[in-house]
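Structure at a glance
Here's the letter readout for the chains.
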Amino acid sequence: MAAGTISRIRLENFMCHSSLQIDLGDHVNFITGQNGSGKSAILTALCVAFGCRAKTTQRAASLKDFIKTGCSYAAITVDIKNQGEDAFKPELYGNLIILERRINESSSSTVLKDQHGRKVAHRKDDLIEIIEHFNIDVENPCVIMSQDKSREFLHSGNDKDKFKFFFKATLLQHVNDLLGEIRVRLNSADALVEELEKTIRPALKELDEIREKIKNMEHIEEITHEIENLKKKLAWAWVYDVDKQIVEQTAKLEKLKERIPACQERIDRNAAIIEELKKEYIKKKENVRSFVEKAQEARRMKEQLEHEVNEALKLKIELEKEYTRGTQVLKKMNDRVKQLQLQIQDFKLQHMQETQAEASQIEDNIWQLQQEIDSALRNVASLKENEKTECEKLWGIKTSIGEIKKEIDEHNHKIYQLNSQIHNLQCCQRDKMIAFGGDRVRNLMASIERHRSRFQSPPIGPIGINVQLASDSWSVAVDYAVGRLLDAFIVSCHKDSLILRECAKEANYRNVQIIIYDFAKPRLDIPNHLLPSTAHPTVLSVIHSDNPTVLNVLVDQGHAERLVLVRDYEEGKSVAFDQRIRNLKDVYTSDGYRMFSRGSVQTILPPHRKGRAGRLCTSLDESITEMKEEATGIKQIIKEMTDREKQLVHDGKTIEEGVRSLKRKREEEERQLERKKVLLDDTKRISAENNYDTAVDTTEVQAEMTQVKGDIEKKELVLQKLYLKLTEASEEEDKRRASYKNFIDSAYVDVGSISDVEHELQSVEEKLHDTQQEKAHYEHLMEKKVLDLIKIAESEFTDLQQLRQEYFKKASIICPESEVEALGGVAGSTKEELSARINKLKHRFQQESRRYTETIDELRALLDSKEGKILKKQQMYAGFREKLNSCQKALDLRWTKFQRNAGLLKRQLTWLFNEHLGKKGFSGKINVDYNKQVLSVELTMPQDASHDSVRDTRGLSGGERSFSTLCFTLALHGMIEAPFRAMDEFDVFMDAVSRKISLDTLVDFAVAQGSQWIFITPHDISMVKPGDRIKKQQMAAPRG
């Protein structure tokens, strides 16, 4: 067993015990007994023996109160095992440490002995060293949970009490108190060092004053010399300033002259391009004329093919009519053959009746049976037809039910979309900003306001709140047209975009759209020839904004000037595909349809089902009312469909029952039919045996029937030839229709080519116009901006050369230029700066000459003396500050680790808590809030079908609350390390089932955990399974 476990406890005159000895096992120990037998005194003695104060045990106010009444002292002896790798000073104590605590009326003492009983130590520090070595903290409720702590903790539902229990059990309370005490001490030391540093500031100020005096006295003579030198520099500075202007003017003149060939080159290049574009324009125009001629030829071919298709269709229809007439005639002939056959049978039957009675009777029977069989066949066919009809009805009803359900689902989805749109519009009604990004954009605006000073220019956005509509009727169309830009923000530079991205991250606004644009740029003036040539409005024409930057972004990023708005679908198709409007990008209808043409491809996109259109609408109340009315109408339709569905289900059940009845009748008729067929076969067999040759004269009828059959064969041959002609006519019609379709397809390709050529012609025309404008621009630039400026610059250059000669003569009189160069020249200083410095030095010279009374040697001696004293103090205070900073960094590091460990302990506690709850079928969660200092327990009971969590454990039964608290305690036990643990009356308020589960849980945990456990309970523990690691002891009953 590991070192630190307790093998024996001996009490003498302690509380209710005169003499008591308890031998403990290395693993699980149960101590039971009646109330008042002194069980709890054992744990109290353990706490007192390991140095716990009397008030902490909650059993006495002072140690002397533990002495049994009538005795003068009390003694506690605890044998601690000291074996294994973790043994404490085994060379001094051996395999056993004996701890004796003796209490009398006035004092108490602690003695530590080795395994032979020899005294080794008696100081409190020695006991603390053993306690820290074995990690024995008797004040930790997870090490020793006394009777009072058990009752208080198990019965309490207070979240703050649970937090205190957890905080203390995991030693977080101890660490938190230590770190707080250290922080207070560091703050006090920092304040003290700050005060010490403040004491030397007046002395430092005095030193600066002395240095300034010395410096000023040293520079009085230098000031005079510097004034003379500055005057010389100033004279030549005028010369150099003019030289600089001459150089700049020369560079400006050269730059202007360099623009001449560049402008001329642009003019020549544009002239060449104009010539090429004119040739290309003529060529494209010829191509358009050629395509128009081809289109007229294609129109003539189309009319001819349509005529051929109509002729083939007429021939086919005539042949079909003739074939139908022939088929009717053939049917009549076949009917005549059947009539003649019946006449022959009647003759034979009459002859048989006259010649032989028995044969007549047989024939009657056969005829009767045949009639019955025919009737049965008709009945079966009728029943089958009725059954098929009813099945088709049933299938139609089921199909209708499925379609109704599908429509109901679609209507319900439509209601859900309407409710969602109503909710969005109501949110927009309260705060328009929510429509353009939700709550995230409000958080982003708050973040922007906090960081407003960091922006070069405050961002503009979202764009949607800066835009107004001329009419609400275009709100849906405009939203679908530029909706992706309405959520965007505009910044003036890349740096502002990075700051805005940080604000978005702070506001948890991912993927915010940011557009960089120059705020100083005026509103764009778009020429009419660049706008769509239509009377319909564009997006740019129906929106308004007080901020020109917003409109510029919608033009540059959203092409708002090229998006045309129309009222209805058909009108949109006409504008997008038929009119071929220049500068048109897309067409949007008022209900959100998008139409555009790219080359020969025409595309129509319906409104997005999940789009949030209409966000720019100002009359939200009307929109909300319309949507609510629409939702009410759809609900009424759903109710009608539901009633219809119920009626169809009822009808379906009725028809299904009728189908089953018809099926039973049909099967019965089929069985009767089979029996009659067998009887008919037997009768015919008898008739054949009794048959004899009879002669009946049916020659005329036979001849007529033969003639009719011959006519039938001839008619069938004619019909076959007619059918072949009809087939050939159908194939010819199909062939001509295929030719017509192929021609139309190829014509569409040619029409698409015409569109492309016309578009290319328009493009060449636009390029030609643009190039001519560019050429005129450069010619104007050459005349007004280049040649005129060169003349002005040459005149200014001549004036500067004359001025330079005058300044050079004046400066040469004051001093030669070589002297100024020896002084360092005048580079880096302007003549204004030199004049100001001269005036300042003159004024300073006058002041310094009459300021000071001390000599410079006296000031230097005083400076050296004071600097030595202050330097020593500064070095000493800097050492203090460095040590304080190191301590503060170490404290911050430990505080960070403390917070991280606290978070990890919170997770570990929930995992272990759920593991123990699962043994009874419970599940739960532990929430720890270190800021509010509360710990809440949530439980989900297995019998609760709703799976609702119980947050207040006081709402549970006593047994359930005790078991959940026990699981919480065991979870804490699994998080701490101690050589032994003790629990007193841990199973209070538990029913028999909870106690059984709790005991099994405790024993399994204790055995698996490996440390020594002491359980004290007044209840029966016979349900605990015996084992070699479990020891049970019964306390003697109290004496009355």
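Bear in mind the structure is a predicted one, so any value in this text is a computation, not a measurement. (Residues numbered from 1 in each chain as written. Predicted model: local features only at pLDDT ≥ 70, side-chain atom pairs only at ≥ 80, totals over all residues. Heavy atoms only, no water.)

1. Some thoughts on the pattern of salt bridges
As enumerated under the stated definition, the model contains 27 salt bridges in all. The salt bridge partner of aspartate 125 is arginine 123, with a shortest N-O separation of 3.7 Å. Given a relative accessible area of 46%, arginine 123 falls into the partly exposed group. The closest approach of N and O atoms between lysine 639 and aspartate 643, which form a salt bridge, is 3.6 Å. One end of the pair is lysine 639 and the other is aspartate 643, both in helix α17 (residues 620–689) and four residues apart, which spans about a single turn. Judged by relative accessible area, which is 39%, aspartate 643 ranks as partly exposed. (Salt bridge = Lys/Arg side-chain N within 4 Å of Asp/Glu carboxyl O. Buried < 20%, exposed > 50% of the residue type's maximum accessible area, 1.4 Å probe, protein only. Helix = DSSP H or I, 4+ residues; strand = E, 2+ residues; numbered from the N terminus.)

2. Quick notes on the packing of aromatic side chains
One pass over the structure, following the stated rule, counts eight aromatic pairs. Note on phenylalanine 50 and phenylalanine 980: the rings are 6.0 Å apart at their centroids and 35° apart in plane angle, and the pair reads as tilted. Separated by 930 residues along the polypeptide, phenylalanine 50 in the loop between α1 (39–49) and α2 (54–57) and phenylalanine 980 in strand β20 (residues 980–984) bring together distant segments of the chain. Taken individually, phenylalanine 50 and phenylalanine 980 each receive the classification buried, so the pair is uniform in this respect. (Phe/Tyr/Trp six-rings, centres within 6.5 Å; stacked < 30°, edge-to-face > 60°.)

3. Observations regarding the sheet that holds strand β4 (residues 73–81)
Paired through their backbone hydrogen bonds, the strands of a sheet run either parallel or antiparallel. In spatial order, the strands read β2-β1-β4-β5-β6-β7; together these six strands make up an open sheet with antiparallel pairing. Whereas interior strands pair on both sides, the edge strands pair on one side only; in this sheet they are β2 (17–23) and β7 (119–121). Pairwise comparison of adjacent strand axes, ignoring direction, gives a mean angle of 20° for this sheet. Across nine bridges, β4 lies against strand β5 (residues 96–104) in antiparallel orientation. Residue pairing across strands places alanine 74 opposite isoleucine 103, the latter belonging to β5. Running at roughly 100° to strand β1 (residues 6–14), α1 makes contact with β1, β2, β4 and β5 of the sheet. Relative to strand β6 (residues 108–113), helix α4 (residues 124–134) is tilted by about 60°, and along the sheet it contacts β4, β5, β6 and β7. (Pairing = 2+ DSSP bridges. Axes fitted to C-alpha atoms, helices over the stretch in contact; angles between N-to-C directions. Contact = heavy atoms within 4.5 Å.)

4. Some words on the sheet that holds strand β14 (residues 586–589)
Here four strands make up an open sheet; going across it, the order is β13-β14-β15-β16 and the pairing mixed. Edge positions in the open sheet fall to β13 (563–566) and β16 (601–605), since each of these has one partner strand only. Shown here is a sheet whose adjacent strand axes are inclined to one another by a mean of 20°, direction ignored. Note that β13 and β14 share four bridges and pair parallel. Counterpart to leucine 563 in the pairing with β14 is aspartate 586.

5. Here's the deal with the environment of glutamate 12
Mapping glutamate 12 onto the fold places it in strand β1. For glutamate 12, a relative accessible area of 33% corresponds to the partly exposed category. A sequence separation of 64 residues divides glutamate 12 from isoleucine 76, and the C-alpha atoms of the two residues are 6.5 Å apart. Beyond its immediate stretch of four places on either side in the chain, glutamate 12 contacts His17, Ser18, Tyr73, Ala74 and Ala75.

6. A look at unusual backbone geometry
With an omega dihedral of -10°, the bond running from glycine 461 to proline 462 counts as a cis peptide bond. Summarising the element assignment, proline 462 is placed in the loop between α11 (439–450) and β9 (468–469). Although it is not a glycine, histidine 559 adopts a positive phi angle of roughly 55°. For histidine 559, the position within the fold is in the loop between α15 (548–558) and β13. A relative accessible area of 28% places histidine 559 in the partly exposed class. Even without a glycine there, the phi angle at asparagine 583 is positive, about 60°. On the secondary structure map, asparagine 583 appears in the loop between α16 (569–578) and β14.

7. With respect to the pairing of strand β17 (residues 923–929)
Of the two faces of β17, the one holding Gly924, Ile926 and Val928 is buried and the one holding Ser923, Lys925, Asn927 and Asp929 is not buried anywhere. In terms of strand pairing, β17 meets strand β18 (residues 934–940) through seven bridges, oriented antiparallel. Across the sheet, aspartate 929 pairs through a bridge with valine 934, a residue of β18.

8. Focus: the side chain of glutamine 1012
Positionally, glutamine 1012 belongs in strand β21 (residues 1012–1017). A polar contact is formed between the side chain of glutamine 1012 and the backbone oxygen of isoleucine 6, at a distance of 2.5 Å. (Polar contact = N/O pair within 3.5 Å; in protein donor to acceptor, adjacent residues only side chain to side chain.)

9. Concerning the side chain of glutamine 1033
Relative to the elements of secondary structure, glutamine 1033 occurs in strand β22 (residues 1030–1034). A polar side-chain atom of glutamine 1033 sits 2.6 Å from the main-chain carbonyl oxygen of aspartate 23. Sequence-distant contacts of glutamine 1033, that is, excluding residues within four places in its chain, are made with Ile22, Asp23, Leu24, Phe30, Ile31 and Thr32.

10. A word on α16
Of all the positions in α16, only Gly572, Val575, Ala576 and Phe577 are classed as buried. Seen end-on, α16 carries its buried residues on one side only, within an arc spanning 165°. In α16, the exposed positions that point more than 90 degrees away from the buried face belong to Glu570 and Asp578. For α16, the side-chain oxygen to backbone nitrogen distance between the N-cap and glutamate 571 is 2.8 Å, and the N-cap itself is aspartate 568. Looking one or two residues beyond α16, the residue adopting positive phi is arginine 580, at roughly 50°. (Arc of directions from axis to C-beta.)

11. Structural notes on the nonpolar core
Counting 98 residues, the largest nonpolar core has Leu46 and Phe50 as the members making the most contacts within it. The element contributing the most residues to this core is helix α21 (residues 856–917), with nine residues. Every residue in contact with phenylalanine 50, bar those within four places of it in the chain, is listed here: Ile6, Ile80, Leu99, Leu127, Ile131, Ile136, Val138 and Phe980. Within the second largest apolar cluster, 31 residues are counted, among which are Ile463, Trp474, Ala481 and Leu540. (Core = buried A, V, L, I, M, F, W, Y, C linked by side-chain atoms within 4.5 Å.)

12. Thoughts on the packing of helix α12 (residues 475–486) against α15
Two elements in contact, α12 and α15, have axes separated by 11 Å at closest approach and are oriented at 110°. For the element pair α12 / α15, the angle class is roughly perpendicular. Residue-level contacts link Val482, Arg484 and Leu485 of α12 to Leu554, Gln557 and Gly558 of α15. For the contact of α12 with α15, the per-class residue count stands at three nonpolar, two polar and one charged. (Parallel < 35°, antiparallel > 145°, perpendicular 65-115°, else oblique. Nonpolar A, V, L, I, M, F, W, Y, C, P; charged D, E, K, R; others polar.)

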